[in-house]
Each structure stands twice: as structure tokens, then as C-alpha cells.
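# Architecture at a glance
Residue strings, one per chain:
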Amino acid sequence: MLQKSFKKTTLALSLSMMAFSAVLQAADDQLILWHSYRGAEKSSLEKVVQQYNQDMAGKGVKIKPLAVPHDAYADKITAAVPRGKGPDVFIFSQDRLGGWIESGIIQSIDFFIEDETLENVDEKLVSALTYQDTIYGIPLNFKSTALIYNKKLIKTPPKTDKELITLAKKHTNKAAGQFGLAYKYNKFYFHVPIMNAFGGRVFDEKSNPVLNSKENKASLSYMMDWYENGQFLPEEPSDALITSLFNKSKAAMVISGPWFLGEVKDDIDVGIAPLPTITKTGKPMEPWLSVEGAYISTKSKYQEKAFNFIQYLTTKDVGLTMALEGGQLPANRTVYEDIRVLNNPILKGFYDQMKTATPMPNRAEMTIVWSHTPTALNKIVKKTTTIDKAMDQAQQFALKDIQVLRKSQ
Amino acid sequence: MLRQPLSKQALFGLAVALLVSLFFSQWIASEYRQQQFAKQQIQQWSIQGQVLGPMISQHIQEKKNLQPLLVKWLETHVGIQSITVAGIKKMPGYRSKRIVAHTDIMQKSGEFQPKRYSKDTRYLYDLAKSVARHVSTNRTENTFRKAHIVSNWEEKTLQLAFPLYLKNKVSAALVLKIERPKPPKSDIQFLAYVGTGLGLLAIALLFIPQKRRYTVIAASSFFILVVGLYSISTFHRFEQQAIDSASHMLSLAQHETKDRAIAAESLLVDIYERPLGWITPELTLNQHAIQDYLARPMTQLRNFFVLIGGLSLLFLVFIASGAASRTIATLKEHRQAYSYAMPAIIGMTILVFFPFAYGIMLSFTDTNLFNESLPLSERWIGFGNYVSILGDFNVVAADGEAWSVNYQNFYWTLLFTIFWTVTNVFFSVLIGLILALALNTEGLKGKAIYRVLLILPWAIPNYITALIWKGMFHQQFGVVNQLIQLFGGNAVAWFDNVGSSFMTVLMTNVWLGFPFMMVVLLGGLQSISSDMYEAARIDGANRWQQFRYITLPSLKPTIIPAVILSVVWTFNMFNVIYLVNQGEPAGSNEILLTQAYKIGFEKYQYAYAAAYSVVIFAILFIYGIFQNKVSKATEANA
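In this text the structure is predicted, and so the values were computed from the model without any measurement.

Moving on: the overall build of chain A. When you go through chain A residue by residue, the secondary structure sums to 16 helices and 14 strands. Expressed as lengths along the three principal axes of its C-alpha atoms, the size of chain A is roughly 105 × 60 × 35 Å. Across the 409 residues in chain A, those meeting the buried criterion constitute 55%. Approximately 17,800 Å² of chain A is accessible, and the part contributed by carbon and sulfur atoms is 54%. Charged side chains of chain A number 50 positive and 44 negative; the gap between the two group centres comes to 4 Å.

Once that is clear, we can look at the packing of aromatic side chains. All chains considered together, the criterion is met by 61 aromatic pairs over all chains. Where phenylalanine 111 of chain A meets tyrosine 125 of chain B, the ring centres are 5.4 Å apart and the plane angle is 55°; that geometry is what we call tilted. Placement of the pair is phenylalanine 111 of chain A in the loop between α4 (97-102) and α5 (123-128) and tyrosine 125 of chain B in helix α3 (residues 122-141), with the two residues belonging to separate chains. Arranged with centres 6.2 Å apart and planes meeting at 75°, the rings of phenylalanine 188 of chain A and tryptophan 370 of chain A form a pair that is edge-to-face. Placement of phenylalanine 188 of chain A in helix α7 (residues 188-197) and of tryptophan 370 of chain A in helix α15 (residues 366-382) is noted, with a sequence separation of 182 residues between them. Overall, the relative accessible area of 6% leaves phenylalanine 188 of chain A in the buried class. Take tryptophan 370 of chain A: its relative accessible area is 30%, and that puts it in the partly exposed class. These aromatic residues form a ring-pair network of at least three members: Tyr183, Tyr185, Phe198, Tyr222, Trp226, Tyr227 and Phe232 of chain A. A cation sits over an aromatic face here: arginine 213 of chain B above tyrosine 214 of chain B, 5.8 Å from the ring centre.

Okay, the interface of chain B and chain A next. Contact residues are listed per partner, giving 48 residues for chain B and 50 residues for chain A. Buried surface at the junction of chain B and chain A, summed over both partners, amounts to about 4,600 Å²; 49% is from carbon and sulfur atoms. Linking chain B with chain A are seven salt bridges. The partner of aspartate 110 of chain A in a salt bridge is lysine 129 of chain B, with the nearest N and O atoms 2.7 Å apart. One can count 13 residue pairs in polar contact (both at pLDDT 80 or more) joining chain B with chain A. If you tally residues by element for the side of chain B that touches chain A, the top one is α3 of chain B, at 10 residues. Here the side of chain B that touches chain A is built from residues that sort into 16 nonpolar, 12 polar and 20 charged.

Residues and elements named next belong to chain A. We note that the domain assignment places domain 1 (26-143 + 290-359) and domain 2 (146-286 + 365-405) within chain A. Computed over C-alpha atoms, the centres of domain 1 and domain 2 are 29 Å apart. Each side of the interface is counted separately: domain 1 has 10 residues, and domain 2 has 17 residues. Across the domain 1 to domain 2 interface the summed buried area is about 1,000 Å²; carbon plus sulfur atoms make up 69%. In this structure, the connection of domain 1 to domain 2 is made through zero salt bridges. Taken together, the connections running from domain 1 to domain 2 amount to two residue pairs in polar contact (both at pLDDT 80 or more). Among the elements that line the side of domain 1 that touches domain 2, the one with the most residues is helix α14 (residues 345-356), at six residues. Taken together, the residues of the side of domain 1 that touches domain 2 break down into three nonpolar, five polar and two charged.

Following the criterion strictly, the structure yields 27 salt bridges over all chains and no others. Among the salt bridges present, the one from lysine 146 of chain B reaches glutamate 102 of chain A, with a minimum N-O distance of 3.3 Å. Of this pair, lysine 146 of chain B sits in the loop between α3 and β4 (150-153) while glutamate 102 of chain A is found in helix α4, placing the two residues in two different chains. Residues lysine 146 of chain B and glutamate 102 of chain A agree in their burial class; the two are buried. Between arginine 363 of chain A and glutamate 141 of chain B there is a salt bridge, and its shortest N-O distance comes to 2.8 Å. Linking arginine 363 of chain A in the loop between β14 (358-359) and α15 with glutamate 141 of chain B in helix α3, this pair reaches from one chain into another. Judged by its relative accessible area of 13%, arginine 363 of chain A is buried.

Helical periodicity: at 3.6 residues per turn, an α-helix aligns residues three or four positions apart in one direction. Residues and elements named next belong to chain A. The first and last C-alpha atoms of helix α2 (residues 39-55) sit 25 Å apart over 17 residues, in line with the 24 Å expected at 1.5 Å per residue. Buried residues of α2: Ser44, Leu45, Val48, Val49, Tyr52 and Asn53, and no others. Residues of α2 that are buried in the fold lie against β1 (29-35), β2 (61-67), β3 (89-93), α11 (303-312) and α12 (316-324).

On to the sheet that holds strand β8 (residues 179-182) of chain A. All names here are of chain A. The strand order across the open sheet formed by four strands is β8-β9-β7-β10, and the pairing between neighbours is mixed. Of all strands in the sheet, those with a lone pairing partner are β8 and β10 (270-273), marking the two edges. Taking the axes of each pair of neighbouring strands and ignoring which way they run, one obtains an average angle of 20° across the sheet. By the bridge criterion, four bridges tie strand β7 (residues 146-150) to β10 in an arrangement that is antiparallel. Of the residues in β10, the one forming a bridge with isoleucine 148 is isoleucine 272.

Partitioning chain B into structural domains gives domain 1 (3-33 + 190-362), domain 2 (45-179) and domain 3 (411-584). For domain 1 of chain B versus domain 3 of chain B, the distance between C-alpha centres works out to 56 Å.

Let us now look at the nonpolar core. Among the nonpolar cores identified, the biggest contains 98 residues, and Phe90, Ile106, Phe142, Phe309, Ile310 and Leu313 of chain A are the most heavily contacted of them. In terms of residues, this core owes the most to one element, α3 of chain B, which gives seven residues. When near neighbours in sequence (up to four residues on either side) are disregarded, leucine 313 of chain A contacts Val48, Leu140, Ala294, Val318 and Met322 of chain A. Of all hydrophobic cores here, the second largest spans 71 residues; its members include Ile42, Leu69, Leu201 and Ala246 of chain B.

Residue and element names in this part refer to chain B. You can see valine 131 is positioned in helix α3. On the basis of relative accessible area, valine 131 is assigned to the buried category, the value being 0%. When the C-alpha positions of valine 131 and valine 150 are compared, they lie 6.4 Å apart, and in sequence the two are 19 residues distant. Beyond its immediate sequence surroundings of up to four residues, valine 131 is in contact with His148, Val150, Ala161, Phe162 and Pro163.

So, on to a nonpolar patch on the surface. Residue and element names in this part refer to chain B. The grouping of Leu331, Tyr338, Met342, Ile345, Ile346, Met348, Ile350, Leu351, Val352, Phe353 and Phe354 at the surface amounts to a nonpolar patch, some 1,100 Å² of accessible area in total. No other element matches helix α8 (residues 335-362), which puts 10 residues into the nonpolar patch. The residue tyrosine 338 is located in helix α8 in this model.

Position of arginine 406 of chain A among the secondary structure elements: in the segment after α16 (387-405). Side chain to side chain, arginine 406 of chain A and glutamate 365 of chain A meet in a polar contact 2.8 Å long.

As a further point, take unusual backbone geometry. Note: most residues except glycine have negative phi, and most peptide bonds are trans. Phi is positive for serine 207 of chain A, which is not a glycine, with a value near 55°. Structurally, the position occupied by serine 207 of chain A is in the loop between α7 and α8 (214-230). Although it is not a glycine, glutamate 273 of chain B adopts a positive phi angle of roughly 60°.

The rules behind the values
- Residues numbered from 1 in each chain as written.
- Chains lettered and ligands numbered in written order.
- Predicted model: local features only at pLDDT ≥ 70, side-chain atom pairs only at ≥ 80, totals over all residues.
- Heavy atoms only, no water.
- Helix = DSSP H or I, 4+ residues; strand = E, 2+ residues; numbered from the N terminus.
- Buried < 20%, exposed > 50% of the residue type's maximum accessible area, 1.4 Å probe, protein only.
- Areas by Shrake-Rupley, 256 points an atom, 1.4 Å probe, with all protein chains shown as cover.
- Lys, Arg positive; Asp, Glu negative; His and termini not counted.
- Charge placed at Lys NZ, Arg CZ, Asp CG, Glu CD.
- Phe/Tyr/Trp six-rings, centres within 6.5 Å; stacked < 30°, edge-to-face > 60°.
- Lys NZ or Arg CZ within 6 Å of the ring centre and 35° of its normal.
- Contact = heavy atoms within 4.5 Å.
- Buried area = accessible area lost by both parts, 1.4 Å probe.
- Salt bridge = Lys/Arg side-chain N within 4 Å of Asp/Glu carboxyl O.
- Polar contact = N/O pair within 3.5 Å; in protein donor to acceptor, adjacent residues only side chain to side chain.
- Nonpolar A, V, L, I, M, F, W, Y, C, P; charged D, E, K, R; others polar.
- Domains from an automatic or database assignment.
- Expected span 1.5 Å × (residues − 1).
- Pairing = 2+ DSSP bridges.
- Axes fitted to C-alpha atoms, helices over the stretch in contact; angles between N-to-C directions.
- Core = buried A, V, L, I, M, F, W, Y, C linked by side-chain atoms within 4.5 Å.
- Patch = residues over 30% accessible without salt bridge, like charges linked within 9 Å, V, L, I, M, F, W, Y side chains within 5 Å.

The following block contains the structure:
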């Protein structure tokens, strides 16, 4: 009798326990993660998230990834987050960071970060996600331009600009539409490596624009020397043109980023090397580094859990999955100790380039720079005005626009 | 019998107008008073921050114990619940984010050993961090756009964070937790004004001839009188509140400086830690400085009152003159029709009129990315944007001998847009007409195939067409230049000068535009009766005469609506400009819409872009009125 009732009680107890744990299960905090990856990048991220959800099963956290088309991504974040409709965590490169911070979209994660959190991440990558001395995101991946060359045409990639010019001239035959080097020298982003090699920059320490600094001007006249005297660059370079030249083996070398490789035909043997050193200044060409970070929304109700998740994204295992399956360049440096990564010439090539690259400024005012430099560069390349005049004017316009933004109250 | 409804309507109109205008005025005035009150609270407590802050900094520098200082401060100052010295540490070395000292009124002791933050004290770290960030931002940019004194209004408390300067750098913040001050009661004086107004009018109506005109005038003048009195008394109390608060602050400051060598006038600061200048060195109130400080909110308040009063007055006249009752009668009579239209009306209101009204409101501010979060009243600048758009006539800039056009100027862009629209529409109509005439030829074989082929440019999404054309104008590899070279010409750098760059967008857009014209005109041509041509031939008219006197006049009712539509489309044809030549060179080929886009989304000057859009709207609105007249004229002709 007693035993029976004991059994009953245990049954009832265990049943109610189960019911209770079922309730607990149902009460998982669901964190929404937005990203704009596609293809292999998307599936590798989803795999990593699934792994996390498995590891955290029963701990009250579930991550739900959502792919948002890249074109609409920034606008969606800008519109949805302030109204509390956005994600808890989102992944994007640092170029929109400043604007989003100024409009109160991204939560600073300084509070959560400990010394060891980012010990495996290059300081440079962290600084890309740092705004006004405060860290706003955890670096996941990075991208930069590098020297991409056709291994059939170029046996050893150039180490210095002199070697580059010699090689480029050797492979140029304008009559046959062949060029030694193809890159968008008339676009500011692609001119930046030379600018940095000359010690030029866009903003000074006071974050005022310095587009017309003498270093910037010197770098432009160096570029014009390639264009005018070198005669190894195609006219009016565009993405479509460069891709088609490279695919027809009519461009031996190209300066572009990982995104370019998706366009390259399979029968071309691609090599990647860091950009060469400019002999005149003794400094390497330093491309701008875009860092994809994971950010926490200021409106998220689960900021601590969100932080634990993005911290997980920087672990070595995650990095390996993203590198080997997604073809991305993880920020965690221990990933590059793995033999599978080291044997991948593409990952290795871009990782080597990262060591000399500089983070692209994340200030909101960058769009103003982007809006005034095309005119200046076009004028310079078309020689409708002097480098001095073009850059002075760009500087004057940019300064005016920035001052309008930053007026005192 | 006639007297009754007249005075009733006037009284009712007055009551509604008074209630509406006084309610909204009262509401806005109390919003302003709350805002001022919040500011004054922060200013009052800042006095303590200005005294205590430097003392703490000195203690820390001299490595003295903070305990006696903080405990004594708590004992001598009523209303403070706790004082915290919240530390932050700069990068690199993210560890050791610690609270330096913390005291609580309940214990009068507190903790004076640095300790780590916990989940519950994270807000202290966030406050301290934002103070440090704001100070450093202002210093680097050499501006005052971020508050040095950060306030956080909680349900029961107000937290104020002040920067603590150590060797001129902010490495910690002083956080005062204060019992949340009670906001001033908003009095319901407006009811008194409503009552007075109505009473006065009721008496007056007895003596006024009961003609509608006179009752409306009487009601309006009473309305103006009552609202005017209300406004004056509100302004007076507004000012009084500021002066009271300032003299309170003066006594607070005097109290704090009693035994210390600090100047009282330096203690009254705004949230950027700039002296307010309300206290003279002789320790009296500087009335001028206070009035200057109040000038901005007062002017805004006055403008609001005028606006609300004006609208209410219209309302009054609307009711008192009997127009309101007629409108209601119409609504009742056609209620079925209105209920059918309701979903559309609601949809339009939400999707069109709200954003539109918001855009117009935005255009009167100086909103940009950096000051979006400020209250509207601090961003309000009135017609400033319009003045700088329309008042800037520097289209041509002279640089010594050389003349150059300032392509960023509104008038250049406007002229360009008009030129762009006119040429585009002209060529689209011309080509469309020629092709329509050709397709209209009787007995033409394969007509259906031609028609489909000619409609294709219209059927393909226009951004795809635009990008294809952009590629065709490439200097080295574009098909256009290769054709030119085939015939022995030199390659043209299409996007390099104003004219050739314009040619590229013109060709693209005409390519996109002619199929529409062709289709419309073909329809028009087919509806012309062949009898007319037959009669003309019998009369001996040649082909040209037939075209000139039969075809063209008969096509007029078809052409004009098509042209009107096409003008609006072309005027705002964003895709072609944005994708083909990007307004190059130097922004000379920018149309108004792409320019507004650039201002808004590249330069982040949201308000300026909004004003630009309103100007575009005004232009199209005027054009709309004009075209309405023209189409009426064609209807009459047809």
C-alpha cells in the first residue's frame, strides 16, 4: 500500500518535473542573428550556430540565424533596430559602424570584454571596431585587397614596385588588349594602398579630413606615373572589364579582394601575394582592411547572452569551420596555425596581406570622403586639372560637409 | 427664430476653437516647462558636481582616502541617495574595470575599496564610459556636440554622471543618484479662460445684431482676446519659473562657495560644462543672460501658439459661418460612398500623408546624423534650409580670369533638370511618333514582330538597361567607341565633359522612353478614321498636309496626357542618372532628385535633403496645376 502510493507519488513527481522542464525548454530565450552571407559562407555560419544551439541545449538560449540580402541590409538595420524590431546580434563590416553608433544602434561591449577575450585577435582588427575609445563589436572575419596574379604568366610575384613595373611592362601589349596590371586606380579605395605607402591618410588625429596632404598628393603623382609613363594599365577600369581581362589571361596581375575570386574561371591558376613595397618610401602598399564584426543591438533584451554567443564565434573551432568550409578569413590568429589553412594558398595569401593592411576608418564621415574623392580622382586621371587643385577642392568640400554635421550645440 | 441657430453656432464654434487651441497650447507649454524643468534640475545638481568632482580628483591624485569626504558630503546634502566614483580603464588592458568608491545613504558608510562591477552595477560603468567618450569626442572634434554631464532619468531616481579629470584626462566619473524630483504641476488654467471667453461672448451676443457676419466677427475677436491673454500669462509664468530657478541656483552656489575658494559664477554650467553666465561676479542674477537663454524656447513656443491659434480660428470661422454643418450634411448624405472610399483614405493617410508631413516638418529643422536624438525644439531652425537652397545664387564662380560653374548650386541643378526633361521628352515623342507612323502603315508585313521588338526596351527593367548602356559608353571597350573607331574616328571619353556625359544619359533615357510614346501614339493613330484621309485626298491634300492638318490635331488629345506623364517621370528619373553617369563630371549632370539623395545619404544632412525634396515637390505641384489647365483646354478642343 505504502509502496504503491510511493510509486504513485514518484510518478506524479517525475511527470510534473518533466512538465516543468518542458516549460523551461519552451522558455528558451531566442536570439535573432542577422547576417548577409550566401552560399558556402552562409552554410558554414549556420553550421556553427547549430553547433552552439546543441552545446547550449537546456541552458535557455537559442540562436536563430536569418540571412538578409546584402543590398537591403544596412537600410534594414537602420530602420528596424531603433523601433525594436531588429536582431539581437548582427554581422556586418565596419564601414557603417560610426553612423550606427551615432544613431544609437550598436551596444558598446566594453563592459563584457576581458583581457583574454580578444587575446587571439590582432589588435588592428579590434581597432577597426573601436569607435571613440570604445569597443563595439567582436571581429569575425576580414577582407582586404591583395595582389592576385595568373600563375601561368607570373612565376614569382613582385616584392617591390620596381619588380612590379618590370613584370607589368613585360606582359603589356596594348595593341592586343593585354595589360600587365589591372586595377581600379581611378577609384579611391583602390588607390589607398599607394596612399598608405606614402604615409598619406584621410583623417588626422583630430578626425579632420586631410585629403590634400602632401603625402596624399605625392601618392597620386606616383600613381599617375604608372598610368602615363608605365602604360601598363587599361583605360577606365571597371569590375566587369578587369574580370574579363583576367579570365582571358589578358591581365597578368590584378589588385582586388577575395570577392574577385568568385568571378575567376576555373582554368586560371590564381596566386595571391601581398602588395609590393614602394622603393621610394621603403614602405609596403597597405590596403584598407574591412573587418566583419558581430555587434549587439542596443535594443536587445539578452545582451549578456548575446555577448556569450559572439564570443563563441571567435573561438578557433568556429574560425576553422568558417575558413575551411566558408572560405572566409577568420580574425582568430590561431586558425592560421592549422596545417589545412596554411596549405590553402588563398587563405594564406590574404592572411599575409592582412599583416601590412590598415583598418579602414569607421567614422560616419567616411561617406563624405567617398562622395568627394571620385570627382577628384576622375579629374586627375583625365588630366583636366592638376593633382593639387583637385585634391584641394575635394578637401574644401569635405571639410565644409563635415563641419555642417559637427556643429556645436 | 433665425436668431437662435446663429448664436448657437457661433457659441459652439467658439467653444470648440477655445478648447482645441487652449488644450494644445497648454499641452505644448507644459511639454516645454517639463523640458526646462529637467534642464534646471540638471543645472542645479551640477553645482555639486562642479564642487565635489575636483575634490575627488585631488583626493585620488594625492592617494587620500575618499571615505571621509564622501560620507561628509552625503551628510551635508539632502536628496542624494548615493555617490559613486565609477572607474573605467582605457585600452589596452581591458581588465580591471572597477568601481573606485561607492557610498549609500542607507548605510552612511559604503565601500571605499575598488571592486569589480557586477551585472547590477553595469549601468554605472556605462554612464562613466559615455561621459569619458563624450568629453574625448568633443575635444578631438573641437566642438560641443555631446553632453559632458550625462543624465539618466529612472522611475524613482535621477542619475547624473560628471567627468572626473585626472591630469586633464577622464578616467572615472562621479555618479550622483538623486531622488527623482517632482515635476511642476501643470495647472488647468485653460478652463478658466474657456469659461471667461464663453461668458463674455454670451453677453455680447445679446447686444450684437444677429447677422451671421457679425456673430462670426464677434466670436473671432473674443477668441483672439482670450487666447492672447492666455499666451501672455503663460509666457510670464515661463519666464518667472526660469528666474526663480536661477535665483535658487544662485543661493545654492553661494552656499557651496561659502568656505571654499571657488567663484560662484563658475559653478553654474550647462551640460557641456560651459559657464551659463547667469551669476555676475557681484553675486547677482544676470537677467540678460537668462533672457538670452530663454529666447529660443520662448520664440518657438510663441510660434507654436500662433500656429495653433490660427488653425483654431479657421476652425471657429468654419463652424460659426455654417460651413461645418453643411459639410456634415454632405457626409451624411453620401455616407455610403465615403465608407467605400475609407480603406483607400486610411491607406493614403498612413502611407503617403504621414511620411509627407514628416518630411515637411523635417525640412524646418537642421537634423543630421549626429543630432537626430536631440529633442525637436533644439533642432528647429525655421526656414533656414530653404533660404540656403533658394537664396544661393552663386551659380558662376570667378577664379581670377577663369570662370567656372558651381555645379553644387541649386539653380544649376534645376536648369539642368529642366533641360534634361525637355530634351528627353522631345526626342521620345519624336522617335515614338516616327515609329508609330511607320508601324501604322497599312499592309506592313511582320507588324506584330516589329511591335514586340520595339516595346522590348520598355519591358526590360530600366536599371538593367541603364547598366548595359553604361558599359556601351566605356572608353576603351565600349561598343559605341569601337563603332566610332571603325569609321576612323577617335575614341571619346564619354563621361569626361558635361556635354558628352549628358549625351550618354539622354540616349539611355530616350531608349527607355520612346516605346511608351510609340504605343500610345499608335493607339491614337489607329483611332483616326480613314474617311478623313480619303476626304482630304479627294480635296487634293498631299501627304504633308494630311499629316499637318489631320494626323497631328487628332493626336493632340493622346499626345498631351502622355507628355504630361512623361515629364513627371523624366523629371524624377533617378535610375538612369544614378547608374549611367553618376552625375559626373563633378556633379554637373546631377538632377534634383539624385542631388537630394546624395545630400541625404552621403552627407547625412537629412533636413537639408528634406527641404530639397519639398522644393522638388513644389515645382512639380506648380507644374501639376499648369498641366491641369492644359488638359482641360485639350478636352474642350477634342
